[in-house]
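Breakdown of the fold
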Amino acid sequence: MARSPEEEHPQKAFGWAARDNSGTLSPFNFSRRDNGEDDVTIKILYCGVCHSDLHSAKNDWGFTSYPVVPGHEIVGAVTAVGNNVNKFKVDDKVGVGVLVDSCKKCDCCHQGLENYCPQMIFTYNSFSSDGMKTYGGYSDIIVVDQNYVLRIPDNMPLDAGAPLLCAGITVYSPMVYYGMNQPGKHLGVAGLGGLGHVAVKIGKAFGLKVTVISTSPKKESEAIDRLGADSFLVSTDPAKFKAAIGTMDYIIDTIAAVHALAPLLSLLNINGKLVTVGLPEKPLELPIFPLVIGRRLIGGSNVGGIKETQEMLDFCSKHNITADIELIRIDELNEAMERLAKSDVRYRFVIDVGNSLSK
Ligand SMILES: [Zn+2]
Ligand SMILES: [Zn+2]
């Protein structure tokens, strides 16, 4: 008979888990593996609340294995290192993002694209090569192979830096890969949530002109005054929308709900690129005419590899980029999830795990 999550491994662990598709999270005793030769054990201090955590807690994508402990924007301090660990020492401030392991043998892994390895292991709701389930960062400790651990730059606040580990790399990686980072070009950021607000900041740091595309006119002053966008386009204002047609070189589409691509594509200039990083639950309709007629491109992207994630953290550190966060106690998590479902957050909840998680 399978052992209970509490008895599977030698290290006791404690976190908050969802048990069913109500998505309600509650205290959960489980365990972590012993710190192996290549491992670091991390005391978790902060963990961001990503939209994927909500989807997973509620089984919106249909592949949640309960109980699930979400959380993949993890920042903490190293408490133990294995004999082979040379990248980190005890007390180092470190981060863990969306993935905690991969095969280390395939072409993707050799190119630093662990995030596309067919055997990539997600930080939670995944099964490691020995069949053990992974549990995420809404918990007190985590044990991770040093090769999947990030260094948090000295000047980066640990709480506001945490969301960069998913939201930050999710928008940074496609901007670099698709060449959407040439200074002076015009970037549209569709959707102003956890991903979108970081995309605005990273876009400005690349030297781009940045326009936020949103359905919500009340976000205009925040987008411009607080986040540094150059302009704001209300997608429901026909006159303004018409004036913006064909003006953008790139669009990063962070919208997680089902939405029409045709209006966004119409904003692109010839050779424009639109990259989708939100994950709507149903397929979107793909209009072919604007792609063919304007030699436009639609692409996708899934977080980033470990090397690139470190590059992103160092880039954000250099440009003083962090997420705008609302720091919460873990006992405020269910309320935060309800607000997140309504996009009522400016712009990322981060759990103060170190100061609020206790049995
Ligand atoms: Zn995420
Ligand atoms: Zn691989």
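All of these numbers come straight from a predicted model, not from anything done at the bench. (Residues numbered from 1 in each chain as written. Chains lettered and ligands numbered in written order. Predicted model: local features only at pLDDT ≥ 70, side-chain atom pairs only at ≥ 80, totals over all residues.)

**Quick word on the overall build of the protein**
Across its full length, the protein carries twelve helices and 17 strands. Expected size for 359 residues packed as a compact globule is a radius of gyration near 21 Å; at 20 Å, the protein falls within 12% of this value. Principal-axis analysis of the C-alpha atoms places the extent of the protein at approximately 60 × 40 × 40 Å. Pairs at least 24 apart in sequence give 67% of the contacts found in the protein among residues at least 6 apart. (Helix = DSSP H or I, 4+ residues; strand = E, 2+ residues; numbered from the N terminus. Rg over C-alpha atoms; globule rule 2.2 N^0.38 Å. Contact = placed C-beta atoms within 7 Å.)

**Observations regarding the domain arrangement of the protein**
Taken as a whole, the protein is organised into domain 1 (11-166 + 324-356) and domain 2 (167-300). Across the contact, twelve residues belong to domain 1 and ten residues belong to domain 2. (Domains from an automatic or database assignment.)

**Quick notes on the packing of helix α4 (residues 167-177) against helix α5 (residues 194-205)**
Remark: α4 packs on α5, axes separated minimally by 8 Å, with the N-to-C direction vectors making an angle of 50°. Taken together, α4 and α5 sit at an angle that is classed as oblique. Of the two elements, α4 crosses α5, and the hand of that crossing is right-handed. Judged by residue contacts, A167, G168, T170, V171, Y172 and M175 of α4 engage G194, L195, V198, A199 and I202 from α5. Split into classes, the residues belonging to the contact of α4 with α5 amount to eight nonpolar, three polar and no charged. (Axes fitted to C-alpha atoms, helices over the stretch in contact; angles between N-to-C directions. Parallel < 35°, antiparallel > 145°, perpendicular 65-115°, else oblique. Left-handed = near helix turned anticlockwise from the far one by under 90°. Nonpolar A, V, L, I, M, F, W, Y, C, P; charged D, E, K, R; others polar.)

**With respect to α5**
For α5, which comprises twelve residues, the first-to-last C-alpha distance of 17 Å matches the rise-based estimate of 16 Å (1.5 Å per residue) to within 8%. α5 sits mainly inside the fold: ten of its twelve residues count as buried. The complete set of buried residues in α5 reads G194, L195, G196, H197, V198, A199, V200, K201, I202 and G203. Two residues or fewer after α5 comes G207, characterised by a positive phi angle close to 85°. (Expected span 1.5 Å × (residues − 1). Buried ≥ 20, exposed ≤ 12 C-beta atoms within 10 Å, placed from the backbone.)

**What to know about the environment of N269**
You can see N269 is positioned in strand β14 (residues 268-276). Distance in space between the C-alpha atoms of N269 and Y250 is 8.4 Å, their sequence separation being 19 residues.

**Some thoughts on the sheet that holds strand β10 (residues 186-190)**
What the six strands build is an open sheet, ordered β12-β11-β10-β13-β14-β15; its pairing is parallel. Edge positions in the sheet fall to β12 (231-234) and β15 (297-300), since each of these pairs with one other strand and no more. Strand-to-strand twist across the sheet, computed as the mean angle between neighbouring axes with direction ignored, equals 20°. The sheet contacts of α5 involve β10, β11 (209-214) and β13 (248-253), and relative to β10 the element is tilted by about 170°. (Pairing = 2+ DSSP bridges.)

**Side note on the UniProt feature "domain: Enoyl reductase (ER)" (unreviewed entry) in the protein**
Sites flagged by UniProt as "domain: Enoyl reductase (ER)" (unreviewed entry) map to residues 23-351. Along residues 23-351 the backbone is 26% helical and 26% strand, and the end-to-end C-alpha distance reaches 17 Å. (UniProt positions renumbered as here; feature names shortened; annotations may be inferred.)

**Quick notes on the pairing of strand β2 (residues 25-32)**
Where strand β1 (residues 11-18) and β2 come together, eight bridges link them in antiparallel fashion. Within β2, the position partnered with A17 by the bridge is S26. Between β1 and β2, which pair antiparallel in sequence order, lie six residues; one of them, G23, sits at a positive phi of approximately 80°.

**Considerations on helix α11 (residues 333-341)**
For α11, the set of buried residues is L333, A336 and M337. For α11, the angular spread of buried residues about the axis comes to 105°, placing them on one side. Exposed side of α11, more than 90 degrees from the buried face: E335 and E338 are the residues found there. Contact partners of the buried residues in α11: β1, β2, β3 (39-49), α1 (51-57), β16 (325-328) and β17 (348-351). Count one or two residues on from α11 and you reach S343, which has phi positive near 55°. (Arc of directions from axis to C-beta.)

**Some points on the packing of α4 against helix α10 (residues 306-318)**
Contact pair α4 / α10: the axes reach a minimum separation of 10 Å and the direction vectors enclose 100°. For the element pair α4 / α10, the angle class is roughly perpendicular. Each of G168, I169, Y172 and S173 in α4 lies in contact with α10, whose residues at this interface are E308, T309, M312 and C316. Class assignment for the residues of the contact of α4 with α10 results in four nonpolar, three polar and one charged.

**A few points about the pairing of β3**
Among the eleven residues that make up β3, ten are buried, leaving the element largely enclosed by the rest of the structure. As judged from the five bridges shared by β3 and strand β8 (residues 141-145), these two strands associate in the antiparallel manner. Directly across from K43, in β8, lies its bridge partner I141. Across seven bridges, the pairing between β3 and strand β4 (residues 74-81) is antiparallel. In the strand pairing of β4, C47 is matched with I74. Pairing between β3 and β17: three bridges, direction antiparallel. Opposite V49, over in β17, you have F349 as the bridge partner.

**As for unusual backbone geometry**
Across the chain, the bulk of peptide bonds are trans and the bulk of non-glycine residues have phi less than zero. A cis amide bond links Y66 to the next residue, P67, at an omega of -5°. With respect to the secondary-structure elements, P67 resides in the loop between α1 and β4. A positive phi angle, near 70°, is found at N271, a position not held by glycine. Among the secondary structure elements, N271 is positioned in strand β14. Positive phi values are uncommon outside glycine, yet S343 reaches one of about 55°.

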